[in-house]
Amino acid sequence: MFNNNWTGFLSFFVFLLLAVPSDAFPKRKGNGNNAATGNTGAAKGNGAAKGAAAGAATGAAAAGGISLATDGSTILDKTVTINGLEIRYKISAPADQFTAESGVTGAAATAGANGTAGLNVLLHGDGGQSFFDFPNQDVQNNLMGVVVLAPDPNLFWGGGSGLDRTDGVAHSAAVNTLIQQQLSQDVAFDPANVFFTGVSGGSLMLSGFFVPAFGAQYQTGVELNCGALSPQVPVVDAATMIANTKIHFQSTQDELALLQDAIPQAVAAYEKLATGAGLDAATIGTLQTVDNTPNGGGHCGFDGKGFVSGVQLMATNYANVMGDNASGDIAGIGNVLTSVVGNENVQFSSAT
């Protein structure tokens, strides 16, 4: 009887470990504890760390190849080396938009040629869950989906841990090179229509490093889900970037304690860039918006339920937030496009 009970307990424990989303929160390297709650979140954090390892192993085993997206598009999974970093990425697009070099059946595009559709490039959170889920794989608002895996042993965008992203400069440069030099060899896209999505740690790197360094090249938009940093590097051509980039900060009421100071600071920092560039309040309110209405789902739980489904909700409604004629309406949340002006000091009700 003892052996049977012990076997059942071990099976149940392994199930719990694997059930926790692997990038459910920004982590401190070498410590599985929830970075926001410290020792009080140890059980949850350690489970997430083990889940991250399991997710990474599964993803590595399935690396490469061609598959079908949920909307019938074709997904190409590929790995290249950029600036000495191994970059794995997925592209979801209609088959005829891929190049012959991609190996996709039905490919009709010429390598290096521009296409008519843009891209929505997503950077996942710590542990890589959203890379493997690929929540933006459906072609939406004339944007094809791209998701990129962090070139870090722990799958942290920007490396480091917590809010200290020590490899943010190198990782951002690699993402920029991927877009500017590699992706056109795989798929035809409009280089003037490349948008970005961040999830948790991915949002930290986008806001802290990528947008300041490269935002002026793209002049499109970035959705920062459940995470944000003030610029950590000099802002290149700040006036051009801030006047032509739409930025939406999306969080929850019960955000991680680690991020409850960082997000309002980032909101204020980007608004300051806009006022410094001479933009008036109305223009800033059109370009920069913030919302943290959702409650009950924790970090990234925008649907009030959990991480994975919350991230998917925002991805499914990307056009409603970032599109030219965005309504701002998201089912279960309401209108999320609230101007940052007068709302810089984002308030949270609790921490997870």
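Note that this is a predicted model, so its numbers are computed, not measured. (Residues numbered from 1 in each chain as written. Predicted model: local features only at pLDDT ≥ 70, side-chain atom pairs only at ≥ 80, totals over all residues. Heavy atoms only, no water.)

For the rest of this paragraph, the subject is the overall build of the protein chain. If you tally the helices and strands in the protein chain, you get 10 helices and 14 strands. Buried positions account for 54% of the 352 residues belonging to the protein chain. Here the contacts in the protein chain between residues at least 6 apart in sequence split such that 70% fall between residues at least 24 apart. Accessible surface for the protein chain amounts to roughly 13,800 Å². Of this, 53% is attributable to carbon and sulfur atoms. (Helix = DSSP H or I, 4+ residues; strand = E, 2+ residues; numbered from the N terminus. Buried < 20%, exposed > 50% of the residue type's maximum accessible area, 1.4 Å probe, protein only. Contact = heavy atoms within 4.5 Å. Areas by Shrake-Rupley, 256 points an atom, 1.4 Å probe, with all protein chains shown as cover.)

All right, on to the packing of aromatic side chains then. Counted by the stated rule, this structure contains 6 aromatic pairs. An aromatic cluster of three or more residues is present, and its members are F196, F210, F214 and Y218. A cation over an aromatic ring shows up here: K90 above the ring of F131, its NZ or CZ 4.6 Å from the ring centre. (Phe/Tyr/Trp six-rings, centres within 6.5 Å; stacked < 30°, edge-to-face > 60°. Lys NZ or Arg CZ within 6 Å of the ring centre and 35° of its normal.)

With that out of the way, let us pick up the side chain of T289. Along the polypeptide, T289 turns up in strand β11 (residues 288-291). Residue T289 is classed as buried on the basis of its relative accessible area of 4%. There is a polar contact of 2.7 Å between the side chain of T289 and the side chain of H248. Leaving out residues up to four positions away in the same chain, T289 has contacts with I247, H248, F249, L337, T338, S339 and V340. (Polar contact = N/O pair within 3.5 Å; in protein donor to acceptor, adjacent residues only side chain to side chain.)

With that out of the way, let us pick up the state of the cysteines. Covalently bonding the sulfur atom of one cysteine to the sulfur atom of another cysteine gives a disulfide. A full pass over the atoms with the stated rule returns 1 disulfide. Each sulfur of the disulfide joining C226 and C300 lies 2.0 Å from the other. The chirality of the disulfide connecting C226 with C300 is right-handed, given an S-S dihedral of about 95 degrees. Note that C226 is positioned in the loop between β9 (221-225) and α6 (238-243) and C300 in the loop between β11 and α9 (307-316), a separation of 74 residues in sequence. In this structure C226 comes out as buried when scored by relative accessible area, which is 0%. Of the residues examined, C300 reaches a relative accessible area of 0% and is grouped as buried. (Disulfide = S-S within 2.5 Å.)

Quick look at the sheet that holds strand β10 (residues 246-250) now. Strand order in this open sheet of 10 strands is β3-β4-β5-β7-β6-β8-β9-β10-β11-β14, and the pairing throughout is mixed. Strand pairing shows two members of the sheet lacking a second neighbour, β3 (65-68) and β14 (338-339), which therefore form its edges. Looking at chain direction, β9 and β10 are connected through 5 bridges and run parallel. By the bridge assignment for β10, N225 is matched with Q250. Along the sheet, helix α5 (residues 201-218) contacts β6 (118-123), β8 (194-199) and β9; its crossing angle with β8, the most-contacted strand, is approximately 160 degrees. Running over the sheet, helix α7 (residues 262-276) touches β10 and β11 and is turned about 165 degrees from β11. (Pairing = 2+ DSSP bridges. Axes fitted to C-alpha atoms, helices over the stretch in contact; angles between N-to-C directions.)

Time to look at the pairing of β6. Across the 6 residues that make up β6, a large majority, 6, are buried. Burial along β6 is two-sided: the residues G118, N120 and L122 and L119, V121 and L123 are all buried. Note: β6 against strand β7 (residues 143-149), 6 bridges, orientation parallel. Within β7, the position partnered with G118 by the bridge is L143. As paired elements, β6 and β8 share 5 bridges and run parallel to each other.

By the element assignment, G285 lies in helix α8 (residues 281-287). Given a relative accessible area of 18%, G285 falls into the buried group. Each C-alpha atom of the pair G285 and V340 lies 6.1 Å from the other, and the pair is 55 residues apart in sequence. Setting aside anything within four residues of it in sequence, one finds G285 in contact with S339 and V341.

Moving on, we get to the nonpolar core. Core analysis: the largest hydrophobic core is formed by 60 residues, its most contacted members being V148, L183, F196 and F249. At 9 residues, the largest contribution of residues to this core is made by α5. Apart from residues lying up to four places away in sequence, V148 is in contact with I87, R88, Y89, V121, L122, L123, H124, F131, W157 and L178. (Core = buried A, V, L, I, M, F, W, Y, C linked by side-chain atoms within 4.5 Å.)

What follows concerns the pattern of salt bridges. Side-chain pairs of opposite charge can arise where the charged atoms are in close proximity. Evaluation of the coordinates by the stated rule reveals 3 salt bridges. Ionic pairing is found between R165 and D126, a salt bridge with its closest N-O pair at 2.9 Å. In this pair, R165 sits in the loop between β7 and α4 (168-182) while D126 sits in the loop between β6 and α3 (129-133), placing the two residues 39 residues apart along the sequence. Of the two residues, R165 and D126, neither departs from the other in class, the shared state being buried. (Salt bridge = Lys/Arg side-chain N within 4 Å of Asp/Glu carboxyl O.)

Take the environment of L123 next. Position of L123 among the secondary structure elements: in strand β6. For the pair L123 and V175, spaced 52 residues apart in the sequence, the C-alpha separation amounts to 9.4 Å. Setting aside its immediate chain neighbours within four residues, L123 contacts V148, W157, V175, T197, G198, V199, G202, M205 and L206.

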